Amino acid sequence: MRQNAYLNITPEEYETLDSIAKNLGFVSRTDLFTACAHLLIYGETIDGEPSPNPVTEKELKNLHGLNEKHLLQMRTFVQILDEIALPVIAMRGIGVAFANLGHDFKILILERCGMVPEDTDIRDWLKIYQNTRRVKIIEYRTKQFASIIKREEE
């Protein structure tokens, strides 16, 4: 099933896009945007599909590469959280984890990926981690409290 995307541009920009699409050999602006989307998603256009001009194609490929690096950072961050932060997140929450381990997160991501994400990305990824690992977090917290109760009863 095909999806649609909408642009928030002026009528003059709309006409300019039509002209660009025609000048680049695209049948329509939809074909131009489809090629651009394929470059962003796959790093190349689909076989037989025309490409935007070389400058645009290069920029879109650069954005694709940057997106791939961003996804690598996110996957690496999740691994780091599993390794070192699950107990903190389970017992104290993502805010405390970020406040106390945020610098360590950046160092570990830099070591593993060669890039440092923005604080906003780290906060977003912490929320995603909390949502996707909810069962693991609850299980950890439950085991810890059960252990505390058991010790207090002895």
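Anything mentioned here points back to the structure above.
The rules behind these values
Numbering of residues begins from 1 in every chain and follows the order in which that chain's sequence is written. Predicted model: local features are reported for residues with pLDDT of at least 70 only, side-chain atom pairs are reported and counted for 80 or more only, and whole-chain, interface and lining totals are derived from all residues. The side-chain numbers reported here are obtained from all heavy atoms of the structure, hydrogens and water having been left aside. The salt bridge definition used is simple: a Lys or Arg side-chain nitrogen within 4 Å of an Asp or Glu carboxyl oxygen. Only runs of H or I of at least four residues qualify as helices and only runs of E of at least two qualify as strands under DSSP, and these elements are numbered from the N terminus. Between buried and exposed lies partly exposed: a residue is buried under 20% and exposed over 50% of the maximum accessible area for its type, with that area taken using a 1.4 Å probe on protein chains only. We define a nonpolar core as any set of buried Ala, Val, Leu, Ile, Met, Phe, Trp, Tyr and Cys residues linked to one another through side-chain atoms lying within 4.5 Å. Between the rings of Phe, Tyr and Trp (Trp by its six-membered ring), a pair exists once the centres lie within 6.5 Å; its type follows the angle of the planes, with under 30 degrees stacked, over 60 edge-to-face, and the other angles tilted.

Points about the pattern of salt bridges
For step 1, the next point in the chain: On inspection of all chains with the given rule, the structure shows five salt bridges.
For step 2, the next point in the chain: Residue K136 is joined to D82 by a salt bridge in which the shortest nitrogen-to-oxygen separation is 3.7 Å. Here D82 lies in helix α3 (residues 54–92) and K136 lies in helix α6 (residues 134–153), a separation of 54 residues in the sequence.
For step 3, the next point in the chain: Residue K136 is classed as partly exposed on the basis of its relative accessible area, which comes to 38%.
For step 4, the next point in the chain: When salt bridges with common partners are traced through the structure, they connect D82, R133 and K136 into a single cluster.

Structural notes on the nonpolar core
For step 1, the next point in the chain: Grouped together as the largest cluster of nonpolar side chains are 19 residues, with contacts concentrated most on F77, L81, I89, F105, L126 and Y129.
For step 2, the next point in the chain: Listing elements by their share of this core, those giving two or more residues are α3, α4 (94–113) and α5 (119–132).
For step 3, the next point in the chain: Of the residues forming this core, the biggest block, eight residues, is contributed by α3.

Description of the packing of aromatic side chains
For step 1, the next point in the chain: Taken as a whole, this structure holds two aromatic pairs when the rule is applied.
For step 2, the next point in the chain: Summarising the aromatic geometry, the rings of F77 and F105 are spaced 5.2 Å apart at their centres and angled 90 degrees between planes, so their arrangement reads as edge-to-face. On the criterion of sequence distance, the pair formed by F77 in helix α3 and F105 in helix α4 is long-range, its members being 28 residues apart.
For step 3, the next point in the chain: Under the relative-accessibility criterion, F105 is labelled buried at 0%.
For step 4, the next point in the chain: With 5.6 Å between their ring centres and 45 degrees between their planes, F77 and W125 make a pair best called tilted.

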